[in-house]
Amino acid sequence: ADCRYTCHQECRSLIQLDCRRPGPCQSQLSPENTLLLPARSQNATQTVEEEKPEPPTVQEIKQKIEKYNAKVTNCLLMKLNEDGTYTGFIKVHLKLRRPVTVPAGIRPQSIYDALKEVNLAEMTDKRTSFYLPLDAIKQLHISSTTTVSEVIQGLLKKFMVVDNPQKFALFKEMRKDGQVLFQKLPLTEYPLYLRLLAGPDTDVLSFVLKENETGEVEWDAFSIPELQNFLMILDKEEKDKIQQVHRKYERFKQRLQQTLKEARGKPG
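Rules and cut-offs
- Residues numbered from 1 in each chain as written.
- Predicted model: local features only at pLDDT ≥ 70, side-chain atom pairs only at ≥ 80, totals over all residues.
- Heavy atoms only, no water.
- Helix = DSSP H or I, 4+ residues; strand = E, 2+ residues; numbered from the N terminus.
- Expected span 1.5 Å × (residues − 1).
- Buried < 20%, exposed > 50% of the residue type's maximum accessible area, 1.4 Å probe, protein only.
- Arc of directions from axis to C-beta.
- Contact = heavy atoms within 4.5 Å.
- Salt bridge = Lys/Arg side-chain N within 4 Å of Asp/Glu carboxyl O.
- Pairing = 2+ DSSP bridges.
- Patch = residues over 30% accessible without salt bridge, like charges linked within 9 Å, V, L, I, M, F, W, Y side chains within 5 Å.
- Areas by Shrake-Rupley, 256 points an atom, 1.4 Å probe, with all protein chains shown as cover.
- Lys, Arg positive; Asp, Glu negative; His and termini not counted.
- Charge placed at Lys NZ, Arg CZ, Asp CG, Glu CD.
- Phe/Tyr/Trp six-rings, centres within 6.5 Å; stacked < 30°, edge-to-face > 60°.
- Lys NZ or Arg CZ within 6 Å of the ring centre and 35° of its normal.

Considerations on helix H2 (residues 58-71)
Then, number 1: A rise of 1.5 Å per residue sets the reference length of H2, with its 14 residues, at 20 Å; its end C-alpha atoms lie 20 Å apart and thus fit the reference within 8%.
Then, number 2: Burial in H2 covers these residues: Ile61, Ile65 and Tyr68. Relative to the axis of H2, the buried residues are bounded by an arc of 65 degrees and lie together on one face. Facing away from the buried side of H2 by more than 90 degrees, the exposed set consists of Lys67 and Ala70.
Then, number 3: Against the buried residues of H2 lie strand S3 (79-80), strand S4 (86-94) and helix H5 (191-198).

Structure representation (structure tokens):
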């Protein structure tokens with residue numbers, strides 16, 4: 001009532017105010033002196049972050065890598081460097097259901113371009129959109145210091161996708177009790193460390209690149225050609241849906257007319 005302190009109903013018992021001014025709530029926070037907001041869900045009210053475990057030592061990393069490499073059935077081993085970092089391979093499944101934007105009318109990337117890090121997308125301003133093959137797999141050689149953000153940018157560069165990286169997100173796919181679980185990874189996470197902890201078995205853990213479903217579309221992140229392409233795609237989908245409805249009722253109409261024709265001259 002005096003300091004206008006606001007809290008949720010679930011947090012009321014945890015609040016301790018150290019008031020310097022005289023007032024009705026100086027001694028303790030009572031229900032009468034508390035302005036309550038509607039209680040949120042349990043996940044939303046958990047604002048206390050869990051303590052992060054201590055980073056593993058170089059010796060622990062070495063042991064984990066040796067254990068990991070012992071399970072590898074191909075040549076995709078992890079290698080420990082002298083500075084304590086390590087390198088290895090991850091596979092990323094591409095499950096994009098929307099078209100991506102790529103440069104139009106340029107040649108495929110050559111080995112020379114890859115070695116010289118030539119960005120072919122900068123050679124033309126022309127753009128076109130197409131669908132990447134669903135569930136295509138791309139293998140990346142990365143470091144333990146490579147973040148999720150860098151993995152996304154690397155994938156887009158390999159496919160010469162010029163869309164904003166914020167439109168995409170990297171998920172980890174896990175299988176537990178016959179169910180497939182997806183969890184969106186933060187941009188600062190290290191995928192190779194997750195791969196090391198899970199082992200080389202992709203049935204235990206795999207990485208998936210999907211659209212970044214934020215709940216609200218950030219239209220400012222799209223360029224004018226991209227928005228125009230979206231309109232064209234929506235217009236085509238609308239026309240296809242209308243044609244499907246027309247064909248459905250046209251077939252129904254034909255069957256009804258055939259039934260009436262066969263029923264003519266029959267009693268009842």
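Some thoughts on the pattern of salt bridges
Pairing of side chains with opposite charge becomes possible as their charged atoms draw close.
Then, number 1: For the structure shown, the criterion picks out five salt bridges.
Then, number 2: A salt bridge links lysine 239 to aspartate 235, with the shortest nitrogen-to-oxygen separation between them at 3.4 Å. Separated by four residues within a single helix, lysine 239 and aspartate 235 lie in helix H6 (residues 224-263), roughly one turn from each other.
Then, number 3: On the basis of relative accessible area, aspartate 235 is assigned to the partly exposed category, the value being 35%.
Then, number 4: The closest approach of N and O atoms between aspartate 240 and lysine 236, which form a salt bridge, is 3.1 Å. Taken together, the residues span about one helical turn, with aspartate 240 and lysine 236 both in helix H6 at a distance of four residues.
Then, number 5: According to the relative accessible area criterion, lysine 236 is exposed, its value standing at 53%.
Then, number 6: A single salt-bridge network, built from bridges that share partners, covers Lys95, Glu173 and Arg175.

Focus: unusual backbone geometry
Then, number 1: Positive phi values are uncommon outside glycine, yet methionine 160 reaches one of about 55 degrees.
Then, number 2: By secondary structure assignment, the location of methionine 160 is in the loop between helix H4 (148-158) and strand S8 (168-176).
Then, number 3: Accessibility expressed as a relative area gives 22% for methionine 160, which makes it partly exposed.

Digging into the pairing of S8
Then, number 1: Note: S8 against strand S10 (residues 205-211), seven bridges, orientation antiparallel. Directly across from alanine 169, in S10, lies its bridge partner lysine 210.
Then, number 2: Looking at chain direction, S8 and strand S9 (residues 179-184) are connected through six bridges and run antiparallel. Note on S9: the bridge partner recorded for lysine 176 is glutamine 179.
Then, number 3: What sits between the antiparallel neighbours S8 and S9 is a turn of two residues, in which aspartate 177 has the positive phi angle 55 degrees.

Comments concerning a positive patch on the surface
Then, number 1: Together, Arg247, Lys248, Arg251 and Arg255 make up a region of like positive charge exposed at the surface.
Then, number 2: We classify arginine 251 as partly exposed; its relative accessible area is 45%.

Notes on the packing of aromatic side chains
Then, number 1: If you walk through the whole model with that rule in mind, you get zero aromatic pairs.
Then, number 2: In this arrangement the basic side chain of lysine 138 is found over the ring face of phenylalanine 159, its NZ or CZ atom lying 5.8 Å from the centre.
Then, number 3: A cation sits over an aromatic face here: lysine 210 above phenylalanine 171, 5.2 Å from the ring centre.

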